[in-house]
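What the coordinates show
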Amino acid sequence: MSPEHRAILERMRSSAVAVRRAVKAAAPGRFGVPPRDGQWSALETLTHLRDVVVHVYGLRIRRLLYEDAPVFADFDEEGYRPASLARGETIEYLLDTIVGEHEQLARLLQGLPDADWSRQGRHPQFGVMSIEFLARRVGEHAEEHAAQMSEATRTP
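In this text, all values refer to a predicted model and were calculated from it rather than measured experimentally.

Cut-offs and rules
- Residues numbered from 1 in each chain as written.
- Predicted model: local features only at pLDDT ≥ 70, side-chain atom pairs only at ≥ 80, totals over all residues.
- Heavy atoms only, no water.
- 1 Å grid on protein atoms, 1.4 Å probe; cavity = no way out; pocket = protein on both sides within 12 Å on 5 of 7 lines; lining within 4 Å.
- Points joined across faces, edges and corners; volume = space filled by probe spheres on them.
- Helix = DSSP H or I, 4+ residues; strand = E, 2+ residues; numbered from the N terminus.
- Nonpolar A, V, L, I, M, F, W, Y, C, P; charged D, E, K, R; others polar.
- Core = buried A, V, L, I, M, F, W, Y, C linked by side-chain atoms within 4.5 Å.
- Buried < 20%, exposed > 50% of the residue type's maximum accessible area, 1.4 Å probe, protein only.
- Contact = heavy atoms within 4.5 Å.
- Pairing = 2+ DSSP bridges.
- Salt bridge = Lys/Arg side-chain N within 4 Å of Asp/Glu carboxyl O.

A few words on the layout of surface pockets. Reported here for the largest pocket is a volume of approximately 200 Å³. Lining of the largest pocket is provided by 14 residues; of these, Val 56, Tyr 57, Arg 60, Phe 126 and Met 129 occupy positions nearest its centre. Broken down by secondary-structure element, the contributors of at least two residues to the lining of the largest pocket are α2 (42-66) and α5 (131-153). Considered class by class, the residues forming the lining of the largest pocket number eight nonpolar, two polar and four charged.

Next comes the structure, spelled out in structure tokens:
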């Protein structure tokens, strides 16, 4: 495995730790409070992160492992997130799902030959996406949202 691919997997793992740390450090009762008008609460952000890591990055990476040149469908995040929130999933459940998906994706990619990281699918709107691109985005996306959750849950 190339050093670049190792670094992607390490970032994937460390970003899951960052999300866990942001959730555990949240001030009591702050998870449902939006930080500013028009922004998501930490709960909405955590729900979004779970939905995207499982239904976008995770699904697309898996399809690239088993299909040749798949065409990726849109993910209706604007419709899905409110439905997820309405189910009342606990913070712990969301967190465990995110961390578990990061760990599983890292395990799936650990033994992938370097040449296969360039396998690509196509999204009608966003264009070509490779395993490498998607795996990199798993870590980046989680880090971005861990920072947003930390900000949203600070005591004012």
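In this structure, Met 12, Val 19, Leu 46, Ile 61, Leu 109 and Trp 117 are the most contacted members of the largest nonpolar core, which totals 38 residues. Mapped by element, the contributors of at least two residues to this core are α1 (3-24), α2, α4 (91-110) and α5. Beyond its immediate sequence surroundings of up to four residues, Met 12 is in contact with His 102, Leu 105, Ala 106, Leu 109, Ala 135, Val 138 and Gly 139.

Alignment of strand β1 (residues 120-123) against strand β2 (residues 127-130), held across four bridges, turns out to be antiparallel. Its bridge partner lying in β2, Arg 122 is registered against Val 128. The antiparallel pairing of β1 with β2 creates a hairpin that spans three residues between the two strands.

This brings us to the pattern of salt bridges. Evaluated as defined, the whole model comprises 14 salt bridges. As a salt-bridge pair, Glu 4 and Arg 136 come within 3.0 Å of each other at their nearest N and O atoms. Here Arg 136 lies in helix α5 and Glu 4 lies in helix α1, a separation of 132 residues in the sequence. You can call Glu 4 partly exposed: its relative accessible area is 43%. Of the residues examined, Arg 136 reaches a relative accessible area of 27% and is grouped as partly exposed. We note a salt bridge from Glu 89 to Arg 50, for which the minimum N-O separation is 2.9 Å. Here the residue Glu 89 occupies a position in the loop between α3 (77-86) and α4, and Arg 50 occupies one in helix α2, the gap between them amounting to 39 residues. Here Glu 89 matches Arg 50 in class, with each residue buried.

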